[in-house]
Amino acid sequence: MKKRLTFIFILSLISHQSLLAQNILGFDEKNVKKQLALEAQFDAGLNPQNLRSWMQRMTSKPHFVGSQHDRDNAVYERFISFLGL
């Protein structure tokens, strides 16, 4: 009985989340679809291997505010943004 109630609870959470996914705070109903399409287009352009290499480079050393590595990360981030990567 307890497993069944847990399953029903999890199922209701999942269905609730899917309903919330279609209602984005700050967007009316007619613009939700456009925003979701725009986000899907952005997500499709992401390359997981690029994200992995960028993250490894940016976290390779401690980079507290004002450190040389912090500055290098800022320059690198601007560079990849400029290239549109």
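Residues numbered from 1 in each chain as written. Predicted model: local features only at pLDDT ≥ 70, side-chain atom pairs only at ≥ 80, totals over all residues. Heavy atoms only, no water.

Undergrad: How should I be thinking about the overall build of the protein chain in this particular structure?
TA: In terms of helices and strands, the protein chain carries four helices and zero strands. Seen in sequence order, the protein chain has helices and strands lined up from the N terminus as α-α-α-α. When each of the 85 residues of the protein chain is scored for burial, the buried share is 11%. When the accessible surface of the protein chain is split by element, carbon and sulfur atoms take 63% of a total near 7,800 Å². (Helix = DSSP H or I, 4+ residues; strand = E, 2+ residues; numbered from the N terminus. Buried < 20%, exposed > 50% of the residue type's maximum accessible area, 1.4 Å probe, protein only. Areas by Shrake-Rupley, 256 points an atom, 1.4 Å probe, with all protein chains shown as cover.)

Undergrad: Quick question: what am I supposed to make of the confidence of the model for the protein chain here?
TA: Do not read the predicted coordinates in detail wherever pLDDT is low. With 76% of its residues at a pLDDT of 70 or more, the protein chain has an overall mean of 79. Mean pLDDT in the protein chain bottoms out at helix α1 (residues 2-21), which sits at 62, and peaks at helix α2 (residues 29-44), which reaches 90. (pLDDT = per-residue confidence, 0-100.)

Undergrad: Which parts of the structure should I look at to understand the packing of aromatic side chains?
TA: The geometry of an aromatic ring pair is captured by two quantities: the separation of the ring centres and the angle between the planes. Taken as a whole, this structure holds zero aromatic pairs when the rule is applied. Looking at Arg 57, its charged tip hangs above the ring of Tyr 76, at a distance of 4.1 Å from the centre. (Phe/Tyr/Trp six-rings, centres within 6.5 Å; stacked < 30°, edge-to-face > 60°. Lys NZ or Arg CZ within 6 Å of the ring centre and 35° of its normal.)

Undergrad: What am I meant to see in a nonpolar patch on the surface here?
TA: Taken together, the side chains of Phe 42, Leu 46 and Leu 51 make up a nonpolar region of the molecular surface, amounting to roughly 290 Å² of accessible area. Structurally, Phe 42 is set in helix α2. (Patch = residues over 30% accessible without salt bridge, like charges linked within 9 Å, V, L, I, M, F, W, Y side chains within 5 Å. Salt bridge = Lys/Arg side-chain N within 4 Å of Asp/Glu carboxyl O.)

Undergrad: It is not clear to me how the packing of helix α3 (residues 48-58) against helix α4 (residues 68-83) should be interpreted in this structure. Could you clarify?
TA: In a packed pair of helices, the relevant descriptors are the angle between the two axes and the axis-to-axis distance. Orientation of α3 relative to α4, taken along the N-to-C sense of each, is 155°, at an axis distance of 10 Å. The angle between α3 and α4 falls in the class roughly antiparallel. Listed contacts from α4 to Trp 54, Arg 57 and Met 58 of α3 are His 69, Asp 72, Asn 73, Tyr 76, Glu 77 and Ile 80. Counted by class, the contact of α3 with α4 contains four nonpolar, two polar and three charged residues. (Axes fitted to C-alpha atoms, helices over the stretch in contact; angles between N-to-C directions. Parallel < 35°, antiparallel > 145°, perpendicular 65-115°, else oblique. Contact = heavy atoms within 4.5 Å. Nonpolar A, V, L, I, M, F, W, Y, C, P; charged D, E, K, R; others polar.)

Undergrad: Would you take a moment to explain the side chain of Ser 67 for this structure?
TA: Here Ser 67 shows up in the loop between α3 and α4. Given a relative accessible area of 10%, Ser 67 falls into the buried group. Among the polar contacts made by the side chain of Ser 67, one reaches the main-chain carbonyl oxygen of Phe 64 at a distance of 2.9 Å. Among the polar contacts listed, one links the side chain of Ser 67 to the backbone nitrogen of Asp 70, at a separation of 3.1 Å. (Polar contact = N/O pair within 3.5 Å; in protein donor to acceptor, adjacent residues only side chain to side chain.)

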